[in-house]
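# Structural overview for review
Residue-level listing of the chains:
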Amino acid sequence: MDATEWARRQAREVARKRFEAAVAKPAADVRLDVAAFCIAAHAHPGIDVDAWCGRLDELATACPTPTFEGVRVYLFDEESFTGNDRDYTDPENSFLDSVLTRRTGIPITLAVLMMEIGRRLGVDVRGIGMPGHFLVQDGGSAEGRWCDPFHHGALYDVDDCRAVFARVHGSERGFHPAFLAPTSTHEILGRMLANLEHGRMAKDPLQLAWMCELHLALPGLGDQERARLDTAVRSVRARWN
């Protein structure tokens, strides 16, 4: 092993331990930004997680109106964050540092961005894990309104959400309003990792291994899911160690 590869492995080990420490807390206390940047640090070994959190601090400080609507307009109109509909499956869409740099991502990473900017401003932005398309909701409003970070922060009512579900799945059959309930931090991170595990980068067994190792660190996994992840990690270790 050359010095560069050794350094990359050491950096990933540091990121793994920090991720595990971050997600070991109750879901309400998990720093979503820290955990998301720790995921990115496995794909981009050596990035400074705290420095990237600082980038989010700076972005939040520049938001002129600390409300849900203010954050929505600021990120998607003024700062021009948007969904990557040209190359949706690009793995970089799943890494929060790349989302900040490129101003583009997939629904869940753009949602995490909005949630973390909101948290810094005292705005309750809730992640909504609708199957097939991640949304956010204003936790401080009693109105049934949702925001789509992937589509320029578009605002939806329940019928709009049903229409999005139908576009993704080919039919609105199976849609249920319960899909629009808030998603826990642990579930968000699990979904981010599952996206990677089924994506282009995971074709490399060594990349798949770290994705599964991080996923295994999340509490509340079912027995079947845990067994699937453990099998994937053991298979890679047996082949490469």
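This write-up is about the structure you can find in this document. Since we're looking at a predicted model, the values are computed, not measured.

### Notes on the packing of aromatic side chains
Any pair of aromatic rings gets described here by the distance separating the centres and the angle formed by the planes. One pass over the structure, following the stated rule, counts five aromatic pairs. Judged by centre distance (6.1 Å) and plane angle (35°), the rings of Phe37 and Trp52 are tilted. Taken together, the positions of Phe37 in helix H2 (residues 32–43) and Trp52 in helix H3 (residues 49–61) put the pair 15 residues apart, joining distant regions of the chain. For Phe37, a relative accessible area of 0% corresponds to the buried category. Ring centres of Tyr88 and Phe150 lie 5.5 Å apart, and the angle between their planes is 65°; this geometry places the pair in the edge-to-face category. Separated by 62 residues along the polypeptide, Tyr88 in the loop between strand E1 (82–83) and helix H5 (96–102) and Phe150 in the loop between strand E5 (146–148) and strand E6 (154–156) bring together distant segments of the chain. Take Phe150: its relative accessible area is 7%, and that puts it in the buried class. Of the aromatic side chains, those joined through ring pairs into one cluster are Phe165, Phe175 and Phe179.

### Description of the pattern of salt bridges
Oppositely charged side chains may form a pair once their charged atoms are brought near each other. Under the criterion given, the structure shown has 19 salt bridges. Between Lys17 and Glu13 there is a salt bridge whose closest N-O contact spans 4.0 Å. One end of the pair, Lys17, and the other, Glu13, are both in helix H1 (residues 3–23), four residues apart, so they sit about a helical turn from each other. Taking the shortest distance from any N to any O, the salt bridge between Asp230 and Arg234 comes out at 2.6 Å.

### Quick look at H1
Compared with the 30 Å implied by 1.5 Å per residue over 21 residues, the 30 Å span of H1 between its first and last C-alpha is a close match. What H1 keeps buried is the set Arg12, Ala15, Arg16, Phe19, Ala22 and Val23. End-on view of H1: buried residues confined to an arc of 125°, all on one side of the axis. When the buried face of H1 is taken as reference, the exposed residues oriented beyond 90 degrees from it are Ala3, Trp6, Val14 and Lys17. Where the residues of H1 are buried, they touch H2, helix H8 (185–197) and helix H9 (205–216).

### Examining H3
Its 13 residues place the ends of H3 19 Å apart at the C-alpha level, agreeing with the 18 Å of an ideal helix rising 1.5 Å per residue. Buried within H3 we find Val49, Trp52, Cys53, Gly54, Leu56, Leu59 and Ala60. On the buried face of H3, the contacting elements are H1, H2, helix H4 (68–78), H5 and helix H6 (107–121).

What counts, and where the lines are drawn
Residues numbered from 1 in each chain as written. Predicted model: local features only at pLDDT ≥ 70, side-chain atom pairs only at ≥ 80, totals over all residues. Heavy atoms only, no water. Phe/Tyr/Trp six-rings, centres within 6.5 Å; stacked < 30°, edge-to-face > 60°. Helix = DSSP H or I, 4+ residues; strand = E, 2+ residues; numbered from the N terminus. Buried < 20%, exposed > 50% of the residue type's maximum accessible area, 1.4 Å probe, protein only. Salt bridge = Lys/Arg side-chain N within 4 Å of Asp/Glu carboxyl O. Expected span 1.5 Å × (residues − 1). Arc of directions from axis to C-beta. Contact = heavy atoms within 4.5 Å.

Remember that the coordinates give geometry; whether it matters functionally is a separate question.
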